[in-house]
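Structural overview for review
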Amino acid sequence: MAEASIAPVTASGPAPETGASFDAVVIGAGFSGMYMLHRLRGLGLTARVYEAGDGVGGTWYWNRYPGARCDVESVEYCYSFSEELRQEWDWTERYPSQPEILRYAEHVADRFDLRRDMRFRTRVTRAAYDEAASRWRVETDRGDRVTGRFLITAVGCLSDARVPGIPGAGSFRGDSHHTGRWPHEEVDLAGRRVAVIGTGSSGIQIIPVLAERAAQVTVFQRTPNFTIPAWNRPLDPGYARWVKDNHAEIRRSMRDSLFGIAAPFNTGSALAASEQERLAELEARWAHGGPGFLGAFGDTAVDPRANELVAEFVREKIRQTVEDPRVAELLSPRDHPIGTKRPCFDTDYYATFNRPNVRLVDVRTTPIEEITQTGLRTAEATYEVDTIVYATGYDALTGPLLAIDITGRGGTALREKWAAGPRTYLGLMTAGFPNLFTITGPGSPSVLSNMFVSIEQHVDWIAGCLRHLAGTGATVIEADPGAEDAWTRHVGEVAAQTLFPRADSWYLGANIPGKPRVFLPYPGGVGAYRVICDEVAAKGYEGFVLSP
Ligand code: NA7
């Protein structure tokens, strides 16, 4: 079964540009590309941003499925670089919905007049480093041929949407949608029988909403996931005001934290706590909801016995919520420690399985064998449906980078260099590819963090680096292979100290057949990572080679 990448349509768009040269070419107009452009302009540099979508927003441009919502609190899921922007923007909910985040992205684009340097509906297909000219030659699917001294990828970590190659998928006569490529127009679900394949964050968000709108929802689950209630609600204006007034302190705590969020993480041990203390702490965090639940105890991420206590607490919540004990057991994760797959945060997910129009099919024991013209057939039964929703995830972190034909010194392809897994120095650069920066690239905290904290840190670091180059007269910067080896080893060693490697997760590339099993993000925490990056810069970009 071949996995398929879903390329968005780029049918019509602006006339191609040939021969133009820029200081920097940026790939992607999500939150990282937008802020990068703003900082480049501030440095007096020229830039062109290419974006496959027809607007800004990245992930939040594409993920328009019903129920799509960020699971970092809105007051923390936003830029901090502009005091005016911070003061003028008011979020309406505790966790921001996709439409609201997209409005925020559009507001930022307007406010900082970003669009004039962006080209939409334009996908970068190829980027080759021209050693003689010390420039990147960039090509797009619309025929653009431009050069940039710097090439900066702002492609997102979860933008290469994947559908599994289930036999017969092409013959299905109804509608099929991937959550990450949801149509812009309203999808009519009234009276429809809907199949959902996948129970990661996207499946867990869309299923309760589909259950309310559709006649019937059949959930095809391969692996149950732990999910914690988000308890989303309208944002309390008093709290929002307090956050604005205490911004500097709150941001500092986010930047110094493990995951880039302000929720307090305990360092205490779940094993050392009495049962009463443990349950009290977990109950309080369950009642608060959201990512802070996983910060109840310091040893959850590293000690299997501590982890099992927290996991069993969640399983007990599932049993209390789901009326059918057989369904409750099917929904209870037992094959991976809690927190080792991307944690999910939901609105009424488990309770949705009490509805008469929702059923759960365990495709671990009875795999989907075929998609027919009218539905799905497993090893055990056939299911007639009108719509199939693929909530089947992404080729994470490396997928979006390797989808572009990038070649560095000596014509070496990035795909070749990373054949056994990504190799980077700090997740920012890769040896042999001078002047190529990867915002939130593999080897950086990226998906293990509040993306805004990581994006701003990387963009600020890159901007500081470019200023340093200009100040010293250097024009080329490149990761030293030795520094890269040491960093790549370090990322693996830190991951090995945690329980992360025990799950078949997309953090390890396990969701993509044939992808090397390498832990992709840096799990040492955004606070510690920032210190390392700042020290490298303070030491004159130690581990990088600068040349005139
Ligand atoms: P995820 O987290 O990768 O979830 C994908 C789900 O799809 C997961 O439950 C998979 O099961 C399931 N899947 C994938 N292929 C199949 C096949 N062939 N059959 C059945 N089930 C399948 O993607 P999401 O979009 O939910 O979330 C991505 C991130 O976006 C999220 O974590 C946030 O950071 C935002 P598996 O677990 O592999 O058995």
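In case you missed it, the structure is sitting above this.
Residues numbered from 1 in each chain as written. Predicted model: local features only at pLDDT ≥ 70, side-chain atom pairs only at ≥ 80, totals over all residues. Heavy atoms only, no water.

**Brief notes about the sheet that holds strand E15 (residues 368-371)**
The sheet built from 3 strands is open, its strands ordered E15-E16-E17 with antiparallel pairing. Looking along the sheet, the strands with just one partner apiece sit at the ends: E15 and strand E17 (382-384). The mean inter-strand angle of the sheet, taken between neighbouring strand axes irrespective of direction, is 20°. Where strand E16 (residues 375-378) lies against E17, 3 bridges are found, and the strand directions are antiparallel. Following the sheet pairing, Gly-375 is matched in E17 by Glu-384. (Pairing = 2+ DSSP bridges. Helix = DSSP H or I, 4+ residues; strand = E, 2+ residues; numbered from the N terminus. Axes fitted to C-alpha atoms, helices over the stretch in contact; angles between N-to-C directions.)

**Brief notes about the environment of Ser-505**
Among the structural elements, Ser-505 can be located in the loop between helix H15 (481-496) and helix H16 (526-538). By relative accessible area, which is 2% here, Ser-505 ends up buried. In this structure, the C-alpha to C-alpha distance between Ser-505 and His-247, residues 258 residues apart in sequence, is 35 Å. Discounting chain neighbours no more than four positions away, the residues touching Ser-505 are Thr-340, Lys-341, Ala-510 and Asn-511. (Buried < 20%, exposed > 50% of the residue type's maximum accessible area, 1.4 Å probe, protein only. Contact = heavy atoms within 4.5 Å.)

**Here's the deal with helix H7 (residues 247-255)**
When H7 is considered as a whole, its buried residues turn out to be His-247, Ile-250, Arg-251 and Met-254. Burial along H7 is one-sided: seen end-on, the buried residues are contained in an arc of 95°. Where H7 is buried, its residues contact helix H3 (83-88), helix H6 (237-245), helix H14 (451-472) and H16. (Arc of directions from axis to C-beta.)

**Things to note about the packing of helix H8 (residues 275-288) against helix H9 (residues 304-321)**
Where H8 contacts H9, the two axes come as close as 11 Å, and the packing angle between them is 60°. By the angle class used here, H8 and H9 are oblique. When the axes of H8 and H9 are compared, the crossing they make is right-handed. Between H8 and H9, the residues in contact are Arg-278, Leu-279, Leu-282, Glu-283 and Trp-286 and Leu-309, Val-310, Phe-313, Val-314 and Lys-317, respectively. Partitioned by chemical class, the residues of the contact of H8 with H9 number 7 nonpolar, no polar and 3 charged. (Parallel < 35°, antiparallel > 145°, perpendicular 65-115°, else oblique. Left-handed = near helix turned anticlockwise from the far one by under 90°. Nonpolar A, V, L, I, M, F, W, Y, C, P; charged D, E, K, R; others polar.)

**Some remarks on the state of the cysteines**
Counting across every chain of the model gives 0 disulfides. Between Cys-78, a free cysteine, and Cys-70, which holds the nearest cysteine sulfur, the sulfur-to-sulfur gap is 10.0 Å. When its relative accessible area of 8% is taken as the criterion, Cys-78 is described as buried. No disulfide involves Cys-157; its sulfur sits 13 Å from the nearest other cysteine sulfur, which is in Cys-70. According to the relative accessible area criterion, Cys-157 is buried, its value standing at 6%. (Disulfide = S-S within 2.5 Å.)

**What to know about the nonpolar core**
In this structure, Phe-31, Met-34, Tyr-104, Ile-152, Phe-437, Trp-461 and Phe-544 are the most contacted members of the largest nonpolar core, which totals 71 residues. The biggest single contributor to this core is H14, with 9 residues. Sequence-distant contacts of Tyr-104, defined by excluding residues within four places in its chain, comprise Phe-31, Cys-78, Tyr-79, Leu-85, Trp-89, Trp-91 and Phe-452. One finds Ala-68, Val-219, Ile-318 and Val-358 within the second-largest nonpolar core, a separate group that totals 48 residues. (Core = buried A, V, L, I, M, F, W, Y, C linked by side-chain atoms within 4.5 Å.)

**Describing the site of the ligand**
Inspection of the region around the ligand gives 19 residues, with Ser-202, Arg-222, Thr-223, Lys-341 and Arg-342 positioned closest. A distance of 3.0 Å is found between an oxygen atom of the ligand and a backbone nitrogen or oxygen belonging to Ser-201. One nitrogen or oxygen atom from the side chain of Arg-342 is found 3.1 Å from an oxygen atom belonging to the ligand. Protein contact buries 86% of the 780 Å² of open area that the ligand shows by itself. Grouping the constituent residues of the shell around the ligand by class yields 7 nonpolar, 8 polar and 4 charged. (Near = heavy atom within 4 Å. Polar contact = N/O pair within 3.5 Å; in protein donor to acceptor, adjacent residues only side chain to side chain. Areas by Shrake-Rupley, 256 points an atom, 1.4 Å probe, with all protein chains shown as cover.)

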